[in-house]
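Topology and contacts: notes
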Amino acid sequence: MRLLPRASFRTRLLLGMLVPLFIIQCFSILHEVLDHKELFLASLKKECELVLRFGAEALTQPMWENSAAHIHSLARSILTEGHTAQVLIFDASGNQIFAQQVPGYNPAPDDLRASQDIIHTFGDQSQVLGRLEIALPLSAISTPLRDAVLSHLMISLFVLLVISVVVYLVLARLAQPVEALTKTLIEMRHHRFTGEIPGLERCDEIGMMAQALHQLSENKIEVAELRAQSDETARRENKRIQRALQSTRDGVLLADETGEVVLCNPNGELFFGDAQVGRKLNLASWLPADLAEQAETHIEQNQSFSFEASTVHNLSGHTLNLLVRGGPIRDEHGLFLGSMLLASDHSDQARQAERVRFLAEHDSLTGLPNRRLMEQTLTTWLQHEGEEVSVLLADLDHFKLINDTLGHPAGDALLQVVAQKFESCASSYVLAARLGGDEFAILVKGADSLQRLTRLAERLVSEMGQPQQVAGQVLHTGMSAGIATLSGAQAKPSEGIRRADLALYEAKRGGRGMVEVFHEDLETEIKRKSLLERELRQALTQGDIRPVFQLQTDLKSGEIIGFETLARWHHRQLGTISPAEFIPIAEDSGLIRELTYQITIQAFRTAARWHDAGFKGRVAVNLSPKLFGAQVDEFINDCLYETNCPASAVEAEITETVVLASGQSALREIQALQELGITVALDDFGMGYSSLSYLQKFPVDKIKVDAAFVSKLPESEETRAIVSAIAKLGHALGMRVTGEGAETEEHRQLLQACGVDYLQGYFDGPPLAERAATARLFPGQGHHLKLQK
């Protein structure tokens, strides 16, 4: 505005608004001209294409019949349609047979010209009869283009005029009080102002400026925080919140500091009993007394809480399994404003989890608890309740002979009869279980558990010694049983089972059909354990424990995706000693860390060499529960550093015992392993409730279906259902699933049908030493990872 230095503020402001608006209008008119021109030109081209197409089709028959009169008639009719100014028709030899144009037409270089062959089609043959050529003058669009531009120009000028008048009037109205305030400000700056500031009575922005000047004149300027919120914005925000609360499947309830409900969405009214806005929060109307009291205590103490509860749906009357969470609501200064309750309906998930848990904890043939549930119950009774517990292990005599001679259906029917006898013994302090095959177990707790269990065992052995009516057949069998007793929280459940197994062995060795109670003469196995512990220490010193590698392959492609490292010990005098025997000894004697270190170092060195050679899979090592709680992540990290092995080349396998024994500390160490880049696999999955309940809290990368399930896949529909459920559960949580113990082609096919990703077992061959595994992984000279079968 330096071009008008003497112009008033109003004039400059008016010019400042109108000049850009005028420029914008000019550009708008220019754009409109170009846009209309393109639009009319496109319309003219479309008309040209349509005239050519329909003209060529109409001329096909006259050209075929060589009817000149018909051709000329059609050509003249083309000239009468639309903007066509010239029509030329040529025969197949290119000779012009018709030419005509509208009167007054003068061809121009920029006229729109186009041609199309006239083709006669008969059957799958076609013949070119000639060519049609037309011309459309661009002058045909000049008149509508000019009319459109003039119309737009008139409208733009009228709009500009109206805007100019409105802006001028508005600025004239606004400029008067601004000029008065400007004069007042100048006089105040020169300390000449003595009158009243104009505009104080106004309620608009001018009035605010006058008030500011008034405060300045009295030296009372204050810094005020202006908080303004648009009513429309607040209304829309509140509406969005209300719609979200109405749409969510969760129940949401807000109560103020006095306990009165101030907000409750529709699902909240269905979940939270008689909760309604304006009423006092009444937890006892929908929660059991203990949970209601617990929640009220947390609310009174302004604490967060969460729990699972069952309640009845207010409309359907169905029982709901709810996850209830609550906590205090505070403002930005920490002032308590009330409480919030959230309830999520997990009924479907709970029913599915309960079904999977039941299938995982019970034998599919007899419905009795399985080995894992029996072991968990034994652990609970001993370590959590401190009870004396007696353990009975029993199996049938000559059961294999019945299976071999009468077939498995007869054997299964006999097992069901035996299961009924065992189940009749069950009560709140007696648990009956089937451990697998023809092996059964009973747990009895209480001060006189040994005497009661001995009587039960003698009765069962006596009953099984009688001929059994099974499926219309009379079967002669028997039963042997071994009993051991444990007491106190320090007792080891595995020791009780081992002692009962020793007693069972003694009963069978003594002639079958007997009940044997564990006594000191059965301690031969314990002596062997002491011997193996001493020899194991020496073997670790001499490096006699060597790793072998079992293949893991992709069920779809057959490709080798990894190896599991297994420990092998061949003693010079005792021969080959099973890992199932010496690893528990290492755990109990404190040697497990050194054993794991030696196997892990060798496995990581092998993994590093394979990785450098191009293998992209992982080598898994087993981590004992005894290692957790002692910074197992640092232990593994040190092994990686010592062997210069990348973390992406290895995997850690853990069992659910880690979860049960270490809890949250195990979670932190598992996460630390994953942060190193190591994947974590949950081994022996599916045999216990703990796996299902802790799986979501412990985010492992892979789960391995227990070999006990895989072995039963061909014979058990229930087992296939369990494995399919495990695979779906793992995939839903983003985990890969491996089936262990696969030995046959049938196992492989059933695992693949159940949705399992990987296979491990003797189907791909026995565990291999490093040299053999390397040869299997890299056959010949190349690094070919495809497993050859």
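Let me sum up the structure you'll find in this document.

Quick notes on the rules
- Residues numbered from 1 in each chain as written.
- Predicted model: local features only at pLDDT ≥ 70, side-chain atom pairs only at ≥ 80, totals over all residues.
- Heavy atoms only, no water.
- Helix = DSSP H or I, 4+ residues; strand = E, 2+ residues; numbered from the N terminus.
- Buried < 20%, exposed > 50% of the residue type's maximum accessible area, 1.4 Å probe, protein only.
- Contact = heavy atoms within 4.5 Å.
- Areas by Shrake-Rupley, 256 points an atom, 1.4 Å probe, with all protein chains shown as cover.
- Axes fitted to C-alpha atoms, helices over the stretch in contact; angles between N-to-C directions.
- Parallel < 35°, antiparallel > 145°, perpendicular 65-115°, else oblique.
- Left-handed = near helix turned anticlockwise from the far one by under 90°.
- Nonpolar A, V, L, I, M, F, W, Y, C, P; charged D, E, K, R; others polar.
- Pairing = 2+ DSSP bridges.
- Arc of directions from axis to C-beta.
- Salt bridge = Lys/Arg side-chain N within 4 Å of Asp/Glu carboxyl O.
- Patch = residues over 30% accessible without salt bridge, like charges linked within 9 Å, V, L, I, M, F, W, Y side chains within 5 Å.
- Lys, Arg positive; Asp, Glu negative; His and termini not counted.
- Charge placed at Lys NZ, Arg CZ, Asp CG, Glu CD.
- Phe/Tyr/Trp six-rings, centres within 6.5 Å; stacked < 30°, edge-to-face > 60°.
- Lys NZ or Arg CZ within 6 Å of the ring centre and 35° of its normal.
- Core = buried A, V, L, I, M, F, W, Y, C linked by side-chain atoms within 4.5 Å.
- Expected span 1.5 Å × (residues − 1).

**Focus on the overall build of the protein chain**
Scanning the protein chain for helices and strands turns up 24 helices and 25 strands. Relative to its 789 residues, the protein chain shows a buried fraction of 42%. For the protein chain, the proportion of contacts with a sequence separation of at least 24, taken over those separated by at least 6, is 61%. Roughly 43,000 Å² of accessible area belongs to the protein chain as shown, and the carbon and sulfur atoms make up 53% of that amount.

**Section: the packing of helix α16 (residues 592–612) against helix α24 (residues 770–777)**
Contact geometry for α16 and α24: axes closest at 12 Å, N-to-C directions at 20°. Overall, the two elements α16 and α24 adopt an arrangement that is roughly parallel. Read as a crossing pair, α16 and α24 show a hand that is right-handed. Across the interface between the two elements, Thr-606, Arg-609 and Trp-610 of α16 pack against Glu-770, Ala-773, Thr-774 and Leu-777 of α24. Its residues assigned to classes, the contact of α16 with α24 shows three nonpolar, two polar and two charged.

**A closer look at the sheet that holds strand β12 (residues 439–445)**
As summarised here, the arrangement of the five strands in space is β11-β12-β10-β15-β16, forming an open sheet in which the pairing is mixed. Of all strands in the sheet, those with a lone pairing partner are β11 (430–436) and β16 (515–517), marking the two edges. Across the sheet, the mean angle from the axis of one strand to that of its neighbour is 20°, orientation sign disregarded. Judged from the seven bridges that link them, strand β10 (residues 388–397) and β12 form a sheet pairing that is antiparallel. Pairing of Leu-393 across the sheet is with Ala-441, part of β12.

**Quick look at the pairing of β10**
Here β10 lies mainly inside the structure; nine of its 10 residues are buried. Pairing of β10 with strand β15 (residues 478–487) involves 10 bridges; the strand directions are antiparallel. Along β15, the bridge assignment pairs Val-389 with Leu-486.

**Considerations on helix α10 (residues 399–406)**
Within α10, burial applies to Phe-399, Ile-402 and Asn-403. The buried side chains of α10 occupy one side of the element, clustering within an arc of 95° when seen end-on. Facing away from the buried side of α10 by more than 90 degrees, the exposed set consists of Lys-400, Leu-401, Asp-404 and Thr-405. Backbone geometry just after α10 places Gly-407 at a positive phi near 100°.

**Concerning the pattern of salt bridges**
Scanning all chains against the criterion turns up 22 salt bridges. With a closest N to O distance of 3.4 Å, Glu-495 and Arg-499 form a salt bridge. Linking Glu-495 with Arg-499, this pair stays in helix α13 (residues 493–509), spanning four residues, or about one helical turn. Overall, Arg-499 belongs to the partly exposed group, its relative accessible area being 23%. Note that Arg-748 is salt-bridged to Glu-745, the shortest N-O span being 2.7 Å. Residue Arg-748 and its partner Glu-745 are both found in helix α23 (residues 745–753); the two are separated by three residues, about one turn of the helix. The class for Glu-745 is partly exposed, based on a relative accessible area of 34%. In the salt-bridge network here, residues are joined through shared partners; they are Glu-564, Glu-653, Lys-704 and Glu-740.

**Remarks on a negative patch on the surface**
Together, Asp-290, Glu-293, Glu-296 and Glu-300 line one region of the surface with negative charge. Its location among the elements puts Asp-290 in helix α7 (residues 289–300).

**A look at the environment of Val-723**
Relative to the elements of secondary structure, Val-723 occurs in helix α22 (residues 717–732). Judged by its relative accessible area of 0%, Val-723 is buried. Residues Val-723 and Val-756 lie 33 residues apart in sequence; the distance between their C-alpha atoms is 8.1 Å. What Val-723 contacts, discounting residues up to four positions off in sequence, is Val-705, Phe-709, Leu-713, Leu-751, Cys-754 and Val-756.

**Concerning the packing of aromatic side chains**
Under the criterion given, the structure shown has nine aromatic pairs. By the ring-pair criterion, three or more aromatic residues cluster together here, those being Phe-549, Phe-563, Trp-610 and Phe-615. We note Arg-131 situated over the ring of Phe-90; from NZ or CZ to the ring centre the distance is 4.4 Å.

**A word on the nonpolar core**
In terms of nonpolar packing, the biggest core is built from 76 residues, with Ile-545, Phe-563, Trp-610, Leu-623, Ile-636, Ile-654 and Leu-751 touching the most fellow members. For this core, the element with the highest residue contribution is α16, accounting for nine residues. Apart from residues no more than four positions distant in its own chain, Ile-636 is found in contact with Thr-600, Phe-604, Leu-623, Leu-673 and Ile-678. Membership of the second largest hydrophobic core comes to 30 residues, among which are Leu-392, Leu-415, Ala-419 and Leu-456.

**So, the packing of helix α11 (residues 408–423) against helix α12 (residues 449–464)**
Between α11 and α12, the least distance of the axes is 11 Å, while the angle of their chain directions is 150°. Judged by the inter-axis angle, α11 sits roughly antiparallel to α12. Both α11 and α12 take part in a crossing whose hand is right-handed. Every residue of α12 that contacts α11 at Leu-414, Val-418, Lys-421 and Phe-422 is listed here: Arg-459, Leu-460, Glu-463 and Met-464. Across the contact of α11 with α12, the residue classes break down as five nonpolar, no polar and three charged.

**So, helix α19 (residues 664–675)**
Relative to the 16 Å expected for 12 residues at 1.5 Å per residue, α19 spans 17 Å between its end C-alpha atoms, a close match to the ideal helical length. Of the residues flanking the end of α19, it is Gly-677, one or two places downstream, whose phi is positive at about 105°.

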